[in-house]
Amino acid sequence: SKGAYDSYMLKEIDEQPAVLRRIIQTYTNINGDINMSSELIERLIQSDRLYIVAAGTSYHAGLIGKSLFEQLTDIPVEVVLASEFGYHLPKLSAHPFFLFLSQSGETADSRQVLVKIKKQNYPSLTITNVADSTLSREADYTLLLHAGPEIAVASTKAYTAQIAVESLLAKFLGTAKKIEAARQFDVRQELSLAATGMQSMIDEKDYISKLAKKYFYNQRTAFFIGRGNGYYLSLEAALKLKEVSYLHAEGFAAGELKHGTIALIEQDTPVVAFVTEAKTADHTRSNVQEVLSRGAKVLIISQENLVHPNDQLTFPVISELLNPLVAIIPTQLFAYFTAKARGNNVDQPRNLAKSVTVE
Ligand code: F6R
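None of the values given here were measured: they were computed from a predicted structure.

Asks: Sorry, what's going on with the overall build of the protein here?
Replies: When you go through the protein residue by residue, the secondary structure sums to 14 helices and 10 strands. In terms of overall size, the protein behaves like a compact globule, its C-alpha atoms giving a radius of gyration of 20 Å where 359 residues would be expected to give roughly 21 Å. Residues classed as buried in the protein amount to 59% of the 359 residues present. Of the roughly 14700 Å² of accessible surface on the protein, 48% is carried by carbon and sulfur atoms. Of the side-chain charges in the protein, 36 are positive and 39 negative, and the distance between the mean point of each set is 3 Å.

If you want it as structure tokens, here you go:
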């Protein structure tokens, strides 16, 4: 039940630090050992490329997963949209491994890919929130999100749970492969820092609601920009705003905006910039200057070590591989508050279904 909450979406946003702690407890022990099937790891070690197959928000969690797996395991990763991949199969590597990301485990677009790759005898893993779901039953292996039921149509806690479980799997696999970056990555510590960081953002709810009012309530369109994981975050932040607030929103790689889309920036167009990656922070700030000089109303979400005095939202430092867990929170809240202010049904947005069981 929603308890004291007016919507499942807000309840599920609030649950995220607790979900993260449950994932840490479920998958790790005090020595830092990771509790996952060693047979799964053996299969993964033999693969030369990981294909992450998903749709919507789960696809966006897969993009963050690409950074995690490539940096911690040295295995090249392709993240593919299930609806495209099923009918336009790219040339596969010699030893592909398929990872299906799906909150519901019922998405038809993903399932048709699973059916096809099983015919070729390729190994598969489903990461899902629903234990006896179709994708879970039909894949060779399953890892559960342990996020508790996600009722709101717009996915929030499943997104962060997917990133957390991907990070644990990447650490486990990278360690098994003796990759130095994996050895140095204290996933347990970083995930608990992320849980604390998430909470610090959630505690800023009143302030975030004021920002939502100032930046989004009276707008028709909004842009999100960032680089690396900040770009992937932008895609997810824009999707949330579209789904529940019915604002036209787009996520862009910060450097790409000037190659065309900057034509759409007018006086007071909101642009949210993620400054979450040290090596590209200055470049992203230059892109912010470009939109500012065209009249944009800019809101910056930055990590503490990269902060500038006028940034609107700042969160404590954690690994750049996992800071998306924290940086996404205010944008989930922007979508929620804007939808509420517009009188939308936050949990059941128009035209959407929780799980899409047609291709
Ligand atoms: C976004 C959303 C959808 C789902 C997508 C995949 O908030 O809910 O984009 O993420 O339909 O669903 P699952 O993860 O159940 O396969």
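Asks: Looking at this structure, I do not really get helix α4 (residues 56–73). What am I missing?
Replies: In an α-helix there are 3.6 residues to a turn, and that puts residues three or four apart on one side. With 18 residues, α4 should cover 26 Å at 1.5 Å per step; its first-to-last C-alpha distance of 25 Å lies within 8% of that length. Counted residue by residue, α4 has 14 buried out of 18 residues, so it is predominantly covered. The positive-phi residue at the C-terminal boundary of α4 is Asp 74, with phi of around 65°.

Asks: Would you explain the sheet that holds strand β4 (residues 124–128) in this entry?
Replies: Within a sheet, adjacent strands bond to each other through the backbone by hydrogen bonds, running parallel or antiparallel. The strand order across the open sheet built from 5 strands is β2-β1-β3-β4-β5, with neighbouring strands paired in parallel fashion. Every interior strand has two partners, whereas the edge strands, β2 (77–81) and β5 (141–144), have only one. Shown here is a sheet whose adjacent strand axes are inclined to one another by a mean of 20°, direction ignored. Of the strand pairs in this sheet, strand β1 (residues 49–54) and β2 are connected by 5 bridges, and their pairing is parallel. In the sheet register, Ile 52 faces β2, and the bridge partner there is Val 79. Sheet strands in contact with α4 are β1, β2 and β3 (96–102), and its direction is about 175° off that of β2. Across the sheet, helix α6 (residues 108–119) touches β1, β3 and β4, and the angle it forms with β3 is around 155°.

Asks: Any chance you could explain the pattern of salt bridges here in plain terms?
Replies: Considering all chains together, one arrives at 12 salt bridges under this definition. For Glu 243, the salt bridge goes to Lys 240, with nearest N and O atoms at 3.5 Å. Here Lys 240 and Glu 243 lie together in helix α12 (residues 229–245), a separation of 3 residues that amounts to about one turn. Lys 240 shares its class with Glu 243; the two are buried. Residues participating in the shared-partner salt-bridge network are Lys 11, Glu 15 and Lys 157.

Asks: Just checking my understanding: could you explain the side chain of Ser 302 for this structure?
Replies: Assignment of secondary structure puts Ser 302 in strand β9 (residues 297–303). Judged by relative accessible area, which is 0%, Ser 302 ranks as buried. Polar contacts involving the side chain of Ser 302 include one to the side chain of Thr 314, which spans 3.3 Å. If near-sequence neighbours (up to four positions away) are discounted, Ser 302 is found in contact with Val 275, Arg 285, Val 307, Asp 311, Leu 313, Thr 314 and Phe 315.

Asks: Sorry, what's going on with the confidence of the model for the protein here?
Replies: For any part of a model where pLDDT is low, the fine detail of the predicted coordinates should not be relied upon. When the pLDDT values of the protein are averaged, the result is 96; 100% of them are 70 or greater. Interface confidence for the predicted complex, expressed as ipTM, amounts to 0.98; the pTM equals 0.98.

Asks: What exactly am I supposed to notice about the site of the ligand here?
Replies: Close contacts around the ligand come from 13 residues, with Ser 58, Ser 102, Gln 103, Ser 104 and Thr 107 the closest. Between the ligand and the protein, one listed contact pairs an oxygen atom with a side-chain N or O atom of Ser 102 at 2.6 Å. One nitrogen or oxygen atom from the main chain of Val 153 is found 3.0 Å from an oxygen atom belonging to the ligand. Elements that contribute at least two residues to the shell around the ligand include exactly α4 and α12. The class makeup of the residues in the shell around the ligand is 3 nonpolar, 8 polar and 2 charged.

Definitions and limits used
Residues numbered from 1 in each chain as written. Predicted model: local features only at pLDDT ≥ 70, side-chain atom pairs only at ≥ 80, totals over all residues. Heavy atoms only, no water. Helix = DSSP H or I, 4+ residues; strand = E, 2+ residues; numbered from the N terminus. Rg over C-alpha atoms; globule rule 2.2 N^0.38 Å. Buried < 20%, exposed > 50% of the residue type's maximum accessible area, 1.4 Å probe, protein only. Areas by Shrake-Rupley, 256 points an atom, 1.4 Å probe, with all protein chains shown as cover. Lys, Arg positive; Asp, Glu negative; His and termini not counted. Charge placed at Lys NZ, Arg CZ, Asp CG, Glu CD. Expected span 1.5 Å × (residues − 1). Pairing = 2+ DSSP bridges. Axes fitted to C-alpha atoms, helices over the stretch in contact; angles between N-to-C directions. Contact = heavy atoms within 4.5 Å. Salt bridge = Lys/Arg side-chain N within 4 Å of Asp/Glu carboxyl O. Polar contact = N/O pair within 3.5 Å; in protein donor to acceptor, adjacent residues only side chain to side chain. pLDDT = per-residue confidence, 0-100. Near = heavy atom within 4 Å. Nonpolar A, V, L, I, M, F, W, Y, C, P; charged D, E, K, R; others polar.

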